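# Tertiary structure, described
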Amino acid sequence: MAAKITASVYTSHVPAIGAALDLGKSAEPYWQPVFKGYEYSKQWLKDNPPDVIFLVYNDHATAFSLELIPTFAIGCAAEFNPADEGWGPRPVPKVIGHPELAAHIAQSVIQDDFDLTIVNKMDVDHGLTVPLSLMCGQPEAWPCPVIPFAVNVVQYPVPSGRRCFMLGQAIRRAIESFDQPLNVQIWGTGGMSHQLQGPRAGLINREWDNAFLDRLIADPDGLSKLPHIDYVREAGSEGIELVMWLIARGAMADVAGGPKPAVKHRFYHVPASNTAVGHLIMENPS
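Structural notes, computed from the coordinates. Everything quoted here is computed from the prediction, not taken from an experiment.

Thresholds applied
- Residues numbered from 1 in each chain as written.
- Predicted model: local features only at pLDDT ≥ 70, side-chain atom pairs only at ≥ 80, totals over all residues.
- Heavy atoms only, no water.
- Helix = DSSP H or I, 4+ residues; strand = E, 2+ residues; numbered from the N terminus.
- Rg over C-alpha atoms; globule rule 2.2 N^0.38 Å.
- Buried < 20%, exposed > 50% of the residue type's maximum accessible area, 1.4 Å probe, protein only.
- Contact = heavy atoms within 4.5 Å.
- Areas by Shrake-Rupley, 256 points an atom, 1.4 Å probe, with all protein chains shown as cover.
- Lys, Arg positive; Asp, Glu negative; His and termini not counted.
- Charge placed at Lys NZ, Arg CZ, Asp CG, Glu CD.
- Arc of directions from axis to C-beta.
- Pairing = 2+ DSSP bridges.
- Axes fitted to C-alpha atoms, helices over the stretch in contact; angles between N-to-C directions.
- Core = buried A, V, L, I, M, F, W, Y, C linked by side-chain atoms within 4.5 Å.
- Salt bridge = Lys/Arg side-chain N within 4 Å of Asp/Glu carboxyl O.
- Phe/Tyr/Trp six-rings, centres within 6.5 Å; stacked < 30°, edge-to-face > 60°.

## Re the overall build of the protein
Looking only at helices and strands, the protein has ten helices and ten strands in total. Relative to the 2.2 N^0.38 estimate, which gives 19 Å for 286 residues, the radius of gyration of the protein is 17 Å and therefore close to what a compact globule would have. Principal axes of the C-alpha set define a box for the protein whose edges measure 50 × 40 × 40 Å. Per-residue burial for the protein yields a buried fraction of 56% across its 286 residues. Within the protein, counting contacts between residues at least 6 apart in sequence, those at least 24 apart form 81% of the total. By element, 53% of the accessible surface of the protein is carried by carbon and sulfur atoms, the whole surface being about 11900 Å². In the protein, 21 positive and 30 negative side-chain charges are present, and the distance between their average locations comes to 6 Å.

Listed below in structure tokens is the structure:
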């Protein structure tokens with residue numbers, strides 16, 4: 001039997017969410033609505049435990065910098081430590097990788113004409129650890145191995161939504177050609193609308209965000225053709241992170257001609273540290 005993708009998870013990765021959890025503030029009135037939106041998700045993950053999580057995120061000048069900017073980078077190490085982003089590493093478990101599957105995906109995807117940077121040593125920042133915390137809470141160890149997949153959405157030029165969507169399809173083909181019966185979930189993280197600097201700092205666009213979620217569910221192919229300028233104009237300079245969600249969506253069954261995935265959970269909330277929080281769980285039919 002081969003590996004298969006059973007579900008995709010989409011979530012924002014706001015750094016302040018991690019700080020709120022780490023500092024015991026999740027029950028405070030400001031943060032309670034955010035964490036309430038993930039109560040279903042934590043139970044869903046316990047009920048649907050994956051063997052591996054393929055987690056798409058962006059590094060925030062921690063593992064990479066302006067000196068070295070890979071467009072797509074796959075973590076092939078056996079483990080990844082939480083990064084120090086200026087105030088010490090988050091008090092979360094280290095991330096255990098899956099080098100065998102990661103190497104297989106790298107081989108397959110590169111042969112499928114997508115250039116990946118292979119990373120054998122890196123620390124992982126809030127872009128990866130906050131989604132794990134939202135979905136898993138505060139465990140002593142993360143529930144399964146995680147393959148980090150970093151996408152450059154910080155320094156232009158960044159990859160198009162279309163290329164990300166097609167990359168998701170290539171990742172699906174790679175996983176399905178792995179000859180172990182692994183249950184793999186693919187997570188797309190980042191976004192939604194937000195801008196951290198300039199005259200539009202603090203921008204949040206509820207209407208656009210929810211329309212994006214609608215199209216991600218019903219028309220991912222059409223959504224993938226949205227040009228960068230639309231993200232920047234409507235969702236702010238950091239809204240471009242949403243192209244990473246298209247990698248996860250491109251890996252789902254219906255994109256390959258299979259049946260439609262089921263939407264198990266949808267959540268949207270503003271604000272959370274001047275950012276819109278979006279979240280979605282989709283399951284492939286078994």
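## Examining helix α3 (residues 39–47)
The complete set of buried residues in α3 reads S41, W44 and L45. For α3, the angular spread of the buried residues around the axis is 100°, confining them to a single face. Residues of α3 that are exposed and angled more than 90 degrees away from the buried face: K46 and D47. Packing partners of the buried residues in α3 comprise β1 (4–11), α5 (126–136), β8 (183–189), β9 (262–269) and β10 (277–283).

## What to know about the sheet that holds β8
Here eight strands make up an open sheet; going across it, the order is β6-β3-β7-β2-β8-β1-β10-β9 and the pairing mixed. For this open sheet the edge positions go to β6 (117–119) and β9, each flanked by a neighbour on one side alone. The mean angle between the axes of side-by-side strands here comes to 15°, regardless of whether they run parallel or antiparallel. When β1 meets β10, the two strands line up antiparallel, connected through five bridges. Pairing of T11 across the sheet is with H279, part of β10. Along the sheet, α3 contacts β1, β8, β9 and β10; its crossing angle with β10, the most-contacted strand, is approximately 30°. Sheet strands in contact with helix α4 (residues 99–111) are β2 (52–57), β3 (72–75), β6, β7 (146–151) and β8, and its direction is about 150° off that of β3.

## Remarks on the nonpolar core
Judged by nonpolar contacts, the single largest core of 57 residues is most densely connected at F54, I74, F149 and I247. Counting residues per element, this core draws most heavily on helix α6 (residues 161–176), at seven residues.

## Focus: the pattern of salt bridges
Counted under the stated rule, the structure contains twelve salt bridges. Note that R215 is salt-bridged to D219, the shortest N-O span being 3.2 Å. Classification of R215 as partly exposed rests on a relative accessible area of 32%. Connected via shared salt-bridge partners are R162, D221 and K225.

## Describing the packing of aromatic side chains
Taken as a whole, this structure holds ten aromatic pairs when the rule is applied. Judged by centre distance (5.0 Å) and plane angle (80°), the ring pair of Y30 and W31 falls under edge-to-face. For Y30, a relative accessible area of 39% translates into the label partly exposed. On the accessibility criterion, W31 (10% relative accessible area) is buried. Judged by centre distance (5.2 Å) and plane angle (35°), the ring pair of F54 and F149 falls under tilted. Taken together, the residues F54 in strand β2 and F149 in strand β7 connect sequence positions 95 residues apart. You'll find F54 and F149 in the same group, each marked buried.

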